[in-house]
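# Breakdown of the fold
Spelled out, the chains give:
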Amino acid sequence: MNLKKDEKTCLFIDGSSLYSTSRSLGFDIDYKKLLDFFATKTHVVRAYYYAAILDTEDYSPLKPLTDWLSYNGYFLVTKAAREFTDSTGKRRVKGNMEIEIAVDMMEMAPHIDHAILFTGDSDFRRVVEAVQRQGTRVSVVSSMRSTPPLIGDDLRRQADQFLELATLGASFTRRRAPEAQAPQMPSPTAAAPRSNAPIRHPADQMSEPDESDLLA
């Protein structure tokens, strides 16, 4: 892993992609530890987190996470997700953040030395190439060890450095319990139970820091 302390570095985290990759490896992401890890290795000038949020009339299940991130060192970029029913009758949520990530990478490139992109989507190959032409080094975080591999060959070859999440993640992940179940999305027509803990969005789970972490 080639990270330099004197490099101005920006993190670009596709929240849905990072969750999917970590879940396939049996991990949960601890976002406090993730930011702390990179801050000790390089000069992090900004950490972007991208999420498409499904707003319901009563409750947005992603809000607990996004609220925490926005108050704990992340620059949050969100947009409304679109809900639809597929051909099999299953409820789906669609919210692509590719344009938002690409625009921010292009705008930040002249001001940083190193961009770290958390995604495996080969559609980003072209923007990675464009950022590199501006003299910015680009690393991509995803996994070749998942089944199937979640990093596209074109993107992996284009990046200056590929960081394997299965290896890197030991510093900022925790192993999922075998019996752990993915949380269910609430029905859009049902009010969220106010007396219970908030429901975590299945695309963006996190382990919240305890009081000792926050005071450290």
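Residues numbered from 1 in each chain as written. Predicted model: local features only at pLDDT ≥ 70, side-chain atom pairs only at ≥ 80, totals over all residues. Heavy atoms only, no water.

Right, let's get into the overall build of the chain. Check the secondary structure of the chain and you find 8 helices and 10 strands. For the chain, with 216 residues in total, the buried portion stands at 46%. Long-range pairs, those at least 24 residues apart, make up 69% of the contacts in the chain with a sequence separation of at least 6. When the accessible area of the chain is evaluated, it comes to approximately 11200 Å², of which 48% is carbon and sulfur surface. (Helix = DSSP H or I, 4+ residues; strand = E, 2+ residues; numbered from the N terminus. Buried < 20%, exposed > 50% of the residue type's maximum accessible area, 1.4 Å probe, protein only. Contact = heavy atoms within 4.5 Å. Areas by Shrake-Rupley, 256 points an atom, 1.4 Å probe, with all protein chains shown as cover.)

Quick look at the packing of aromatic side chains now. Applying the stated criterion across every chain, the model contains 9 aromatic pairs. When the centroid spacing of 5.4 Å and the interplanar angle of 10 degrees are considered together, the rings of phenylalanine 12 and tyrosine 48 count as stacked. Note that phenylalanine 12 is positioned in strand S1 (residues 8–14) and tyrosine 48 in strand S3 (residues 43–53), a separation of 36 residues in sequence. Phenylalanine 12 gets classed as buried once you look at its relative accessible area, which sits at 0%. Take tyrosine 48: its relative accessible area is 4%, and that puts it in the buried class. Their ring planes at 85 degrees and their centres at 6.2 Å tell us that tyrosine 31 and tyrosine 74 sit as a pair that is edge-to-face. Separated by 43 residues along the polypeptide, tyrosine 31 in helix H2 (residues 31–41) and tyrosine 74 in the loop between helix H3 (63–70) and strand S4 (75–80) bring together distant segments of the chain. With respect to burial, tyrosine 31 and tyrosine 74 carry one shared label: buried. By way of ring pairs, the aromatic residues Phe12, Tyr48, Tyr50 and Phe75 are connected into one cluster. (Phe/Tyr/Trp six-rings, centres within 6.5 Å; stacked < 30°, edge-to-face > 60°.)

Under the counting rule described, the total for this entry stands at 1 cavity of 30 Å³ or more. Considering only enclosed or pocket space, the largest cavity measures out at about 40 Å³ in volume. Around the largest cavity, the lining residues are Ser17, Leu18, Thr21, Phe118, Thr119, Val141, Ser142 and Leu165. Broken down by secondary-structure element, the contributors of at least two residues to the lining of the largest cavity are helix H1 (15–24) and strand S8 (137–142). Residue contributions to the lining of the largest cavity peak at 3 residues, all from H1. Taken together, the residues of the lining of the largest cavity break down into 4 nonpolar, 4 polar and no charged. (1 Å grid on protein atoms, 1.4 Å probe; cavity = no way out; pocket = protein on both sides within 12 Å on 5 of 7 lines; lining within 4 Å. Points joined across faces, edges and corners; volume = space filled by probe spheres on them. Nonpolar A, V, L, I, M, F, W, Y, C, P; charged D, E, K, R; others polar.)

A complete count under the given rule lists 7 salt bridges for this structure. Linking glutamate 7 and arginine 137 is a salt bridge whose minimum nitrogen-to-oxygen distance equals 2.7 Å. Here arginine 137 lies in strand S8 and glutamate 7 lies in the segment before S1, a separation of 130 residues in the sequence. Of the two residues, glutamate 7 and arginine 137, both sit in the buried class. Between arginine 126 and glutamate 129 there is a salt bridge; the shortest N-O distance is 3.2 Å. With arginine 126 and glutamate 129 both in helix H5 (residues 125–133) and 3 residues apart, the pair spans about one turn of that helix. A residue is classified by how much of its surface remains accessible, and arginine 126, at 48% relative accessible area, is partly exposed. Because the salt bridges share partners, they merge into one network encompassing Arg125, Arg126 and Glu129. (Salt bridge = Lys/Arg side-chain N within 4 Å of Asp/Glu carboxyl O.)

Another point: the sheet that holds strand S9 (residues 161–164). The 6 strands lie next to each other as S4-S3-S1-S7-S8-S9, forming an open sheet whose pairing is parallel. One side of each edge strand has no neighbouring strand; the edge strands of this open sheet are S4 and S9. When strand polarity is set aside, the average angle formed by the axes of neighbouring strands in this sheet is 20 degrees. Bridge analysis of S1 against S3 gives 7 bridges, and the strand direction is parallel. For lysine 8, the partnering residue across the bridge sits in S3 and is histidine 43. (Pairing = 2+ DSSP bridges. Axes fitted to C-alpha atoms, helices over the stretch in contact; angles between N-to-C directions.)

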